[in-house]
Amino acid sequence: MKFRIKGVHLIIDYYFIAVLTLSLVVFRNESILMCFAFCILHELGHLTAMLLFGERVKKITLGYFGMKIDCSGTIMPVLSETVIAAAGSTVNLILAVLFYLLNLKTAADINVGLAVFNLLPVKPLDGNRILSSFLSDRVMRTVGISVGVVLSFIGAVTAIYTKSNFLILIVSLYVLIGAIK
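Each value, and the rule that gives it
Residues numbered from 1 in each chain as written. Predicted model: local features only at pLDDT ≥ 70, side-chain atom pairs only at ≥ 80, totals over all residues. Heavy atoms only, no water. Helix = DSSP H or I, 4+ residues; strand = E, 2+ residues; numbered from the N terminus. Rg over C-alpha atoms; globule rule 2.2 N^0.38 Å. Buried < 20%, exposed > 50% of the residue type's maximum accessible area, 1.4 Å probe, protein only. Pairing = 2+ DSSP bridges. Expected span 1.5 Å × (residues − 1). Arc of directions from axis to C-beta. Phe/Tyr/Trp six-rings, centres within 6.5 Å; stacked < 30°, edge-to-face > 60°. Disulfide = S-S within 2.5 Å.

Participant: Would you mind showing me how to read the overall build of the chain here?
Facilitator: Helix and strand counts for the chain come out as 7 helices and 4 strands. Each helix and strand of the chain, placed in order from N terminus to C terminus, yields the pattern β-β-α-α-β-β-α-α-α-α-α. Against the 2.2 N^0.38 benchmark of 16 Å for 181 residues, the chain shows a C-alpha radius of gyration of 17 Å, consistent with a compact globule. Each principal axis of the C-alpha distribution contributes one length, and for the chain these read about 50 × 40 × 35 Å.

What follows is the structure, encoded as structure tokens:
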């Protein structure tokens, strides 16, 4: 599905709808809907920061692993890039505090989890974008692969131990593949 809002192309990929539907069928839990909503708010945090720094947005795509924002490709100062990369997790942490104050623990926990996950120093996550401004590509690759291997081990142990929770394994393998690329 394609829309155009104020000159920006908004594309909702069929994979996004398929992953959302599959997640709802498999997990049968309202937390999945909250997670998708908070992921979109996370990405809107990046979008807001981009617009504040004068970045021109061409296209926004909702895909199977989140939202992708295509911009004009202007080379931004390191501080601007860092703020833009941190904006998504900042939104999640603000929401977490708000939900804890409202005694909505599940919503708060989901936001903390999203913030921490996105701050992992692995491509294509925000933590990689933040740290890559300060560290070499070689160091970032080594750190990313190390984090991916540790998470994959934790995911495998969790899946074996619980005999049902394979989501952590799937996410950790996603992180590992992202680090290797």
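Back to the write-up after that little detour.
Participant: Looking at this structure, I do not really get the pairing of strand β3 (residues 57-63). What am I missing?
Facilitator: Two faces, one strand: in a regular strand the side chains alternate between the faces of the sheet. A large share of β3 lies buried, amounting to 5 of its 7 residues. Examined bridge by bridge, strand β2 (residues 8-12) and β3 share 4 bridges and lie parallel to one another. Bridge pairing in β3 links Leu 10 to Ile 60.

Participant: Even after reading the chapter, I still don't get helix α4 (residues 105-118), so can you show me in this structure?
Facilitator: Because each turn of an α-helix spans 3.6 residues, side chains separated by three or four positions end up pointing in the same direction. With 14 residues, α4 should reach 20 Å at 1.5 Å per residue; the first-to-last C-alpha distance of 20 Å fits that figure. What α4 keeps buried is the set Ala 107, Ala 108, Ile 110, Asn 111, Leu 114, Ala 115 and Asn 118. Viewed along the axis of α4, the buried residues span an arc of 160°, placing them on a single side of the element. Of the exposed residues in α4, the ones pointing more than 90 degrees away from its buried face are Lys 105 and Val 116.

Participant: Even after reading the chapter, I still don't get the packing of aromatic side chains, so can you show me in this structure?
Facilitator: Under the counting rule described, the total for this entry stands at 1 aromatic pair. Ring centres of Phe 38 and Phe 99 lie 5.4 Å apart, and the angle between their planes is 50°; this geometry places the pair in the tilted category. On the criterion of sequence distance, the pair formed by Phe 38 in helix α2 (residues 30-52) and Phe 99 in helix α3 (residues 78-101) is long-range, its members being 61 residues apart. The exposure class of Phe 38 is buried, given its relative accessible area of 7%. Residue classification places Phe 99 among the buried residues on the basis of a relative accessible area of 16%.

Participant: How do you make sense of the state of the cysteines when you look at a structure like this?
Facilitator: Should the sulfur atoms of two cysteines be covalently bonded, the bond is a disulfide. In the structure shown here, the tally under the stated rule is 0 disulfides. Distance from the sulfur of Cys 35, which forms no disulfide, to the nearest cysteine sulfur (Cys 39) is 4.3 Å. Residue classification places Cys 35 among the partly exposed residues on the basis of a relative accessible area of 27%.

Participant: Before we go on, may I ask you to explain unusual backbone geometry in this structure?
Facilitator: What you tend to see is this: most non-glycine residues have negative phi, and most peptide bonds are trans. Backbone geometry places Asn 103, a non-glycine residue, at a positive phi of 60°. As for its placement among the helices and strands, Asn 103 is situated in the loop between α3 and α4. What makes Asn 103 exposed here is its relative accessible area of 66%.

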